[in-house]
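# Results of the structural survey
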Amino acid sequence: MPVSGFGPIISATDRCELCPRRCGADRRAGEKGFCGAGVEMEIYSYGRHCGEEPPISGTRGSGTVFFSRCTLRCLYCQNHPWSQEARGDRYDAAGLAAVFRSLADEGCHNWNLVSPTPWIPGIVQALEMVHNKGRRLPVVYNTSGYERAETIRELSGLAQVYLADLRYSRPESALEGSGAADYVKAARKAFLEMWSQAGALRVDSEGIAQSGVICRLLVLPGRAVEACENLEWLKANAGAGVCISLMSQYIPAHLAGGRPGWDRGISRAEYDMVLQAAMDLGFENGHVQDFGGRAARDLVGFNMKQGRKT
Ligand code: SF4
């Protein structure tokens, strides 16, 4: 998977430093990185997805590709069979380009790349292939937020919409919950790069995202205050014009059931605290997941307060 014409991080597949782990695996020679990614792309599933935020799913669905592997180790991961246990099929760039074409043929609004980080080199090759054939849809980079700002900078022009989490505000929580003590520092730096690159959410006449950033805040049990701290950070560093997505869907999936503090859903009081903080800070653009929606894997139950038309 050598990649030419891109920045040094994306091109350097013989010493992978795509994500903040910077584990240096020589994936081209068959080594696997911390995330488990080797030389060939792995995809768990793809298809039309109607459960994302309204500007992403729209009326015809989001053309979503769920990539296998992940750079985090979230003990509550709802996608662990493919993020941490390697389920999925192997694809080369031509195979992924065919997936992109089929999603476009189905009428999907965008190409929505879920957990794409380890596979950026193959993804950019596949996008080049479809672009060369005259097919273009907005590319949604759908990420846990655990990214290198330098890698995001090299993606400039390739991704139009960033759908990015800010999950923690305290390193000890990030270490315990996701095995990444540097999450807060890395995710905030990467967010600022996304923000300077893509800016505020822009939607077309149908309300479908064409460019910009949506920041997801998943409220975690016992850690609602961290979502509030992230809202404060967002306001101080990007302003209250950022489109936010408040999420109540945490469930103690995967290993969380046996971990004190992580073994319950969030309470209504915790969620209300975050909603109140968002209102008090003056956030106007975004989406709020219904409290009762947390049992569903899909993001159902968003209020339809759309991103501002520009
Ligand atoms: S993407 Fe995977 S292989 Fe590359 S630096 Fe991160 S953990 Fe290592």
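Residues numbered from 1 in each chain as written. Predicted model: local features only at pLDDT ≥ 70, side-chain atom pairs only at ≥ 80, totals over all residues.

Helix and strand counts for the chain stand at 10 helices and 10 strands. In the chain, which comprises 310 residues, the share counted as buried stands at 50%. Sequence-distant contacts in the chain: of pairs separated by 6 or more residues, those separated by 24 or more amount to 68%. (Helix = DSSP H or I, 4+ residues; strand = E, 2+ residues; numbered from the N terminus. Buried ≥ 20, exposed ≤ 12 C-beta atoms within 10 Å, placed from the backbone. Contact = placed C-beta atoms within 7 Å.)

The next thing to look at is helix H10 (residues 268-281). Taking 1.5 Å of rise per residue, 14 residues should cover 20 Å, and H10 covers 20 Å from first to last C-alpha, within 8% of that figure. Looking only at H10, the buried set comprises Glu270, Tyr271, Val274, Ala277 and Ala278. Along the axis of H10, the buried positions cluster into a sector of 120°, meaning they face one direction only. Across H10 from its buried face, at more than 90 degrees, point the exposed residues Arg268, Ala269, Asp272, Gln276, Met279 and Asp280. Of the surrounding elements, those touching the buried residues of H10 are strand E8 (209-218), helix H9 (224-237) and strand E9 (243-247). (Expected span 1.5 Å × (residues − 1). Arc of directions from axis to C-beta.)

Within E8, 8 of the 10 residues are buried, which leaves the element mostly enclosed by the surrounding structure. Both strand E6 (residues 161-165) and E8 contribute to a ladder of 5 bridges, which runs parallel. In the sheet register, Asp165 faces E8, and the bridge partner there is Arg216. Where strand E7 (residues 202-203) meets E8, 2 bridges bridge the pair, whose relative direction is antiparallel. Note that in E8 the partner of Arg202 across the bridge is Ser211. Where E7 hands over to E8, the hairpin turn is made up of 5 residues, of which Gly207 adopts a positive phi near 85°. (Pairing = 2+ DSSP bridges.)

Take H9 next. A rise of 1.5 Å per residue sets the reference length of H9, with its 14 residues, at 20 Å; its end C-alpha atoms lie 20 Å apart and thus fit the reference within 8%. Of all the residues in H9, the buried ones are Ala224, Glu226, Ala227, Cys228, Asn230, Leu231 and Leu234. Its buried side turned inward, H9 meets helix H7 (171-178), E8 and H10. Just downstream of H9 lies Gly239, where phi reads positive at about 95°.

Interhelical geometry of helix H4 (residues 93-105) versus helix H5 (residues 120-132) gives an angle of 55° and a closest axis separation of 8 Å. Regarding the angle of H4 to H5, the classification is oblique. Every pair of crossing elements has a handedness; the one defined by H4 and H5 is right-handed. From H4, Ala93, Ala94, Leu96, Ala97, Phe100 and Arg101 reach across to H5, where they touch Gly122, Ile123, Gln125, Ala126, Met129 and Val130. Counted by class, the contact of H4 with H5 contains 9 nonpolar, 2 polar and 1 charged residues. (Axes fitted to C-alpha atoms, helices over the stretch in contact; angles between N-to-C directions. Parallel < 35°, antiparallel > 145°, perpendicular 65-115°, else oblique. Left-handed = near helix turned anticlockwise from the far one by under 90°. Nonpolar A, V, L, I, M, F, W, Y, C, P; charged D, E, K, R; others polar.)

Near the ligand, the surroundings consist of 15 residues, among which Cys16, Cys19, Cys23, Gly33 and Cys35 are the closest. The residue inventory of the shell around the ligand, partitioned by class, reads 9 nonpolar, 3 polar and 3 charged. (Near = placed C-beta within 6 Å.)

With that settled, the discussion passes to the nonpolar core. Counting residues in hydrophobic clusters, the biggest one holds 93 residues, and the most contacted among them are Val213, Cys215, Leu217, Val219 and Val274. Counting residues per element, this core draws most heavily on helix H8 (residues 183-198), which supplies 9 residues. For Val213, the residues in contact, after removing those within four places along its chain, are Tyr162, Ala164, Met194, Trp195, Ala198, Leu201, Val242 and Cys243. (Core = buried A, V, L, I, M, F, W, Y, C linked by C-beta atoms within 7 Å.)

A few words on unusual backbone geometry. Across residues other than glycine, the phi torsion is negative in most instances, and most of the peptide bonds are trans. Backbone geometry at Ala86 places phi at a positive 70°, although glycine is not the residue there. Relative to the helices and strands, Ala86 is located in the loop between helix H3 (80-83) and strand E3 (89-91). Even without being a glycine, His254 presents a positive backbone phi close to 55°. With respect to the helices and strands, His254 occurs in the loop between E9 and H10. What makes His254 buried here is the crowd of 21 C-beta atoms within 10 Å.

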